[in-house]
Amino acid sequence: MTRRNFIATGSAALFFVRDPALADSTPWYRRACRWGQTNITEKDPVRYDIAWWRDYWKRTYVQGVIINAGGIVAYYPSKFPLHHRAEFLGDRDLFGELSEAAHQDGLAVLARMDSNRVAENFYRSHPDWFTRNASGDPYRADDKYITCVNSGYYDEYIPDVMREIIQRSHPEGFTDNSWSGLARESICYCDNCARKFRDGTGHALPKKHDWSDSTYREWIQWNYARRVAIWDQNNRVTKAAGGPDCLWIGMNSGSITGQSRSFRDCKAIWERAEILILDHQARGAAGFQENADTGKLIHGILGWDKLMPESMAMYGTGGRTNFRMANKPPAEARMWMIEGFAGGIQPWWHHVAAYHEDRRMYKTAEPLMRFYKDNERYLLNRRPWATVGLVWSQRNTDFYGQDNTAELTDLPYRGFMQAMIRARIPYTPIHIDNIAPEARNLKALILPAIGAMSEPQCAAVRRFVDGGGSLIATGPTSLYNEWGDARTDFRLADLFGVHAPANVSAERKSTPQSQQTYLRLSPELRASVPGPKAGDEPAPIGQRHAVLRGFEETDILPYGGVLEPMRVDAGVIVPMTFVPPFPAYPPETAWMRQPKTDIPGLVLNKRVAYLPADLDRRYGRENLPDHGDLLANLVRWAAGDSVPLEVRGPGLLDCNVYVQPGRLVMHIVNLSNTGRIPIDEYLPVGPLSIRLKLPKDLPSRRVRLVVSGVTVTPKIQDAWATFKVDSVVDHELVILE
Ligand SMILES: [Zn+2]
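Residues numbered from 1 in each chain as written. Predicted model: local features only at pLDDT ≥ 70, side-chain atom pairs only at ≥ 80, totals over all residues. Heavy atoms only, no water.

A. Highlighting the coordination of the zinc ion. The protein atoms donating to the zinc ion are Cys148 (SG), Cys188 (SG), Cys190 (SG) and Cys193 (SG), with metal-donor distances spanning 2.2 to 2.3 Å. Bound by 4 donor atoms, the zinc ion shows angles of 97 to 121° at the metal and therefore tetrahedral coordination geometry. In the primary structure, the donors to the zinc ion are separated according to the pattern C-x39-C-x1-C-x2-C. (Donors = N, O, S within 2.8 Å, 3.2 Å for Na, K, Ca; no water. Tetrahedral: all angles 85-135°; square planar, octahedral: opposite > 155°, others 65-115°.)

As structure tokens, this is what we get:
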């Protein structure tokens, strides 16, 4: 027997252990940090080299594997005649063989299901278990038929299949690829849905997508509740059949928009989950940094003591085409994993198919899996060392964002995320309903276009400000109620010191446009490098507000959006005003028709900054450095001297700092020149000069740079540690103890 020991206890449960002393106390879902998944095809039963994969498990230090079991395709001889066996399975029990091998190797096994769709013969046998459109025709995906979450397929058939799998092979738990059924775009009009919706709400199903229709809104909430009920129901089934630690844990996305489209209630589900299985395989438009943000955002609900392995594709993704059989450029694959670690995510390599002719893909994960194993104590059970909270709300994504979440809710959040990463300001994502419990750790809250806000949510923000916190709010924040209906004014107008424009209904539609508009900085300055005078109007001289620091050589900033007149309360500061659009072409016409207005572009009211100009959205989309600088200035102004980190030196660095008892842990991820997808090399940056504020009980004497393998002595002054990092290639893990 290897250093891993193996204990089988009766029929219900198998426990794997690294340390025999922990065998009886810590369940698998708190111990299995490193995962692997060979996501097989129907062809694989005849070419699955189990011995080779067992060696690969060992080489990559996995503690758990995800093995295809059933659903669309069964990889064992199921007793259910409609459970379609893989085309090349024959009578083989591939799932059982792999589970046994994994258990012998001391690994946890998750049985992978996909309960979303089945073949036509299944549909013919149970037509009442399938989704239907308004005409009564079944919804299909290619040649498969989509099952209904309100039918016996979910209530009877899937539970029976899971019981069968548990009895045969005793997996530690179940995942399900697309467990949450028909996505929001389609309304299911099957008899089960019609009856259950009427029983639950008293209404007939909504006739069409219409966010202003109260029945449609109820249908949205009813759908969320059903998915939570499925989560609980499946867990009751697996625990009853497989013991209290046999969990059903579905699959979740890291995208709030994605979760919303699938009716997955992030807060309800992530609060329930003992471990979260994250299907978020590669970067999107927000870059690698999205993964660290996702990790922090989910841990904020899940808890920082729980595990969240994430499927990390070793095959070609991220471009326009998925190349399931080709090696992903290792620099691209590694950077996604590294940013996951920086957000508290655990590694999980993912290969599609059990046989590959591109064998390079087997080399990518190994070094980072070893890095994770060697440094696990720094990567788990920690809390963000940050004083700025970036607020998110799935309710806002739904009822303010509606069908345009990319523009209305995702980009404003992303703009602040990117601006703070670029400025090396540590932040932590905060769910809007967790403001009160998180408030004591935070100096500033950012509400990026949180349009839809309930009365209690508005009250929580007000209490945060009353308690001494600072606030940055943008665009429509608090202009709508929790159903997305416009109020006559911002509910937080008293905090903002400004009142909503008369024409609020245009607000949602105006966001994507981009015209040649500007923001005028006030007062205008006579710059150190004077330009020519404009006619007979001499530039005034004055003292600008600190939020405009760095813009001394300009009186305008490019903007791109359009602002409406707003009534401003007495006593507030308006450091920026709107310059309306004027032609860009031909150049002869490109002069400001109205150089000055009193339309506010930014309003400061004591510790509250309200930004009517959607610079957050625009920075998320367009990357203009001026917009990023202004957003960072606002955050620094709001957070005051509470920001616990300063990093000097070149490059785009994602810096995340965490606190553990007696220790600070800092991730520096070098994102410089990672804009191109995929990347194929890293360009080192450095030296970096770092100042880090120490917690009260941490008299740090020693700074360890784990990746570089060096220890440096910090200079300590006034509870700040100052030290140097000579060079960062891809990442550095800094430990202060
Ligand atoms: Zn239905």
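B. Representation of the side chain of Thr387 in the model. Here Thr387 shows up in the loop between strand S15 (383–384) and strand S16 (388–392). Accessibility expressed as a relative area gives 14% for Thr387, which makes it buried. At 2.9 Å, the side chain of Thr387 forms a polar contact with the side chain of Ser642. (Helix = DSSP H or I, 4+ residues; strand = E, 2+ residues; numbered from the N terminus. Buried < 20%, exposed > 50% of the residue type's maximum accessible area, 1.4 Å probe, protein only. Polar contact = N/O pair within 3.5 Å; in protein donor to acceptor, adjacent residues only side chain to side chain.)

C. Expanded view of the environment of Gln233. Of note, Gln233 is situated in helix H7 (residues 214–242). Taking C-alpha positions, Gln233 is 9.4 Å from Tyr154, a pair spaced 79 residues apart along the chain. Beyond its immediate chain neighbours, meaning those up to four positions away, Gln233 contacts Tyr154, Asp155 and Arg226. Among the polar contacts made by the side chain of Gln233, one reaches the main-chain carbonyl oxygen of Tyr154 at a distance of 3.2 Å. (Contact = heavy atoms within 4.5 Å.)

D. Spatial organisation of the packing of helix H6 (residues 191–201) against H7. Contact pair H6 / H7: the axes reach a minimum separation of 11 Å and the direction vectors enclose 105°. By the criterion of interaxial angle, the relationship of H6 to H7 is roughly perpendicular. Facing H6, whose interface residues are Cys193, Lys196, Phe197 and Thr201, H7 presents Thr215, Glu218, Trp219 and Trp222. Of the residues belonging to the contact of H6 with H7, the class tally is 4 nonpolar, 2 polar and 2 charged. (Axes fitted to C-alpha atoms, helices over the stretch in contact; angles between N-to-C directions. Parallel < 35°, antiparallel > 145°, perpendicular 65-115°, else oblique. Nonpolar A, V, L, I, M, F, W, Y, C, P; charged D, E, K, R; others polar.)

E. Layout of the pattern of salt bridges. Taken as a whole and assessed by the stated rule, the structure comprises 45 salt bridges. With a shortest N-O distance of 2.8 Å, Glu271 and Lys267 are connected by a salt bridge. Taken together, the positions of Glu271 and Lys267, both in helix H9 (residues 266–272) and 4 residues apart, correspond to about one turn of that helix. The exposure class of Glu271 is partly exposed, given its relative accessible area of 43%. Across the pair Glu646 and Arg691 runs a salt bridge, and its minimum N-O distance is 3.0 Å. (Salt bridge = Lys/Arg side-chain N within 4 Å of Asp/Glu carboxyl O.)

F. Region of interest: the nonpolar core. Counting 154 residues, the largest nonpolar core has Trp57, Trp270 and Met576 as the members making the most contacts within it. Top contributing element to this core by residue count: helix H5 (residues 152–169), with 8 residues. Beyond its immediate sequence surroundings of up to four residues, Trp57 is in contact with Val62, Val65, Leu98, Ala101, Ala102, Asp105, Leu107 and Trp349. If you look at the next biggest cluster of nonpolar residues, it comprises 53 residues, including Cys193, Tyr400, Phe490 and Leu495. (Core = buried A, V, L, I, M, F, W, Y, C linked by side-chain atoms within 4.5 Å.)

G. Fine view of the sheet that holds strand S21 (residues 556–558). Judged by pairing direction, the sheet is mixed, and its 9 strands sit side by side in the order S17-S16-S18-S19-S24-S23-S22-S20-S21 without closing on themselves. Strands with a single pairing partner mark the edges of an open sheet, and in this sheet they are strand S17 (427–431) and S21. Averaged over all pairs of adjacent strands, the angle between their axes in this sheet comes to 20°, without regard to strand direction. Sheet topology note: the S16/S17 ladder contains 5 bridges and is parallel. The partner of Val391 across the bridge, within S17, is Ile430. (Pairing = 2+ DSSP bridges.)

H. Quick look at helix H20 (residues 625–639). Over its 15 residues, H20 extends 21 Å from the first C-alpha to the last, a length consistent with the 21 Å expected when each residue adds 1.5 Å. Buried within H20 we find His627, Gly628, Leu630, Leu631, Ala632, Asn633, Leu634, Val635, Ala638 and Ala639. Positive phi appears at Gly640, one or two residues downstream of H20, with a value of about 60°. (Expected span 1.5 Å × (residues − 1).)

I. The arrangement of the side chain of Asn396 in detail. Along the chain, the position of Asn396 falls in helix H14 (residues 394–399). The exposure class assigned to Asn396 is buried, which follows from its relative accessible area of 2%. Of the polar contacts made by the side chain of Asn396, one reaches the backbone nitrogen of Gly451; its length is 2.9 Å. The contacts of Asn396, once residues within four sequence positions are left out, are Gly401, Thr409, Ala449, Ile450, Gly451 and Ala452.

J. Highlighting helix H12 (residues 365–374). Taken together, the buried positions of H12 are occupied by Ala365, Glu366, Leu368, Met369, Phe371 and Tyr372. Summarising the contacts, the buried residues of H12 are in contact with strand S3 (35–39), helix H2 (50–59), helix H11 (330–342), strand S14 (346–352), helix H13 (376–379) and strand S33 (731–736).

K. Region of the structure containing unusual backbone geometry. Cis geometry marks the peptide bond from Tyr585 to Pro586; its omega dihedral reads -20°. Relative to the assigned elements, Pro586 resides in the loop between strand S22 (573–579) and strand S23 (600–605). For the peptide bond that leads from Gly686 to Pro687, omega is 0°, which places it in the cis range. Turning to its location among the elements, Pro687 is positioned in the loop between strand S27 (663–670) and strand S28 (688–693). With phi around 55°, Phe263 is a residue other than glycine that occupies positive phi space. Within the secondary structure, Phe263 sits in the loop between helix H8 (256–261) and H9. Take Phe263: its relative accessible area is 0%, and that puts it in the buried class. In this structure, Asn623 takes a positive phi of about 65° despite not being glycine. As for its placement among the helices and strands, Asn623 is situated in the loop between helix H19 (615–622) and H20.

L. View of the packing of aromatic side chains. Throughout the structure, instances matching the rule amount to 42 aromatic pairs. On the numbers, 4.7 Å between centres and 50° between planes, the contact of Tyr56 with Trp349 is tilted. A residue pair is termed long-range when its members are at least 10 positions apart, and Tyr56 in helix H2 and Trp349 in strand S14 qualify at 293 residues. Here Tyr56 matches Trp349 in class, with each residue buried. Taken together, a centroid distance of 5.8 Å and an interplanar angle of 15° make the contact between Tyr518 and Phe582 stacked. With Tyr518 in strand S20 (residues 518–521) and Phe582 in the loop between S22 and S23, the pair connects residues that are 64 residues apart, well separated along the chain. Judged by its relative accessible area of 17%, Tyr518 falls in the buried class. These aromatic residues form a ring-pair network of at least three members: Phe80, Phe122, Tyr123, Trp129, Phe130, Tyr145, Tyr153, Tyr154 and Tyr157. The ring centre of Tyr658 lies 3.8 Å from the NZ or CZ of Arg382, which sits over that ring. Against the face of Trp720 rests Arg691, its NZ or CZ located 4.3 Å from the ring centre. (Phe/Tyr/Trp six-rings, centres within 6.5 Å; stacked < 30°, edge-to-face > 60°. Lys NZ or Arg CZ within 6 Å of the ring centre and 35° of its normal.)

M. Just the sheet that holds strand S9 (residues 173–176), in detail. A sheet is described by the order of its strands in space; here 7 strands give the open sequence S10-S9-S5-S4-S3-S14-S11, paired in parallel fashion. The open sheet terminates on both sides in strands that have one partner only, identified here as strand S10 (247–248) and strand S11 (309–313). In the sheet, strand S4 (residues 64–71) pairs with strand S5 (residues 108–114) via 7 bridges, with the strands oriented parallel. Note on S5: the bridge partner recorded for Gly71 is Asp114. Strands S3, S4 and S14 of the sheet are contacted by H2, whose axis makes an angle of about 155° with S14. Along the sheet, H12 makes contact with S3 and S14, crossing S14 at roughly 160°.

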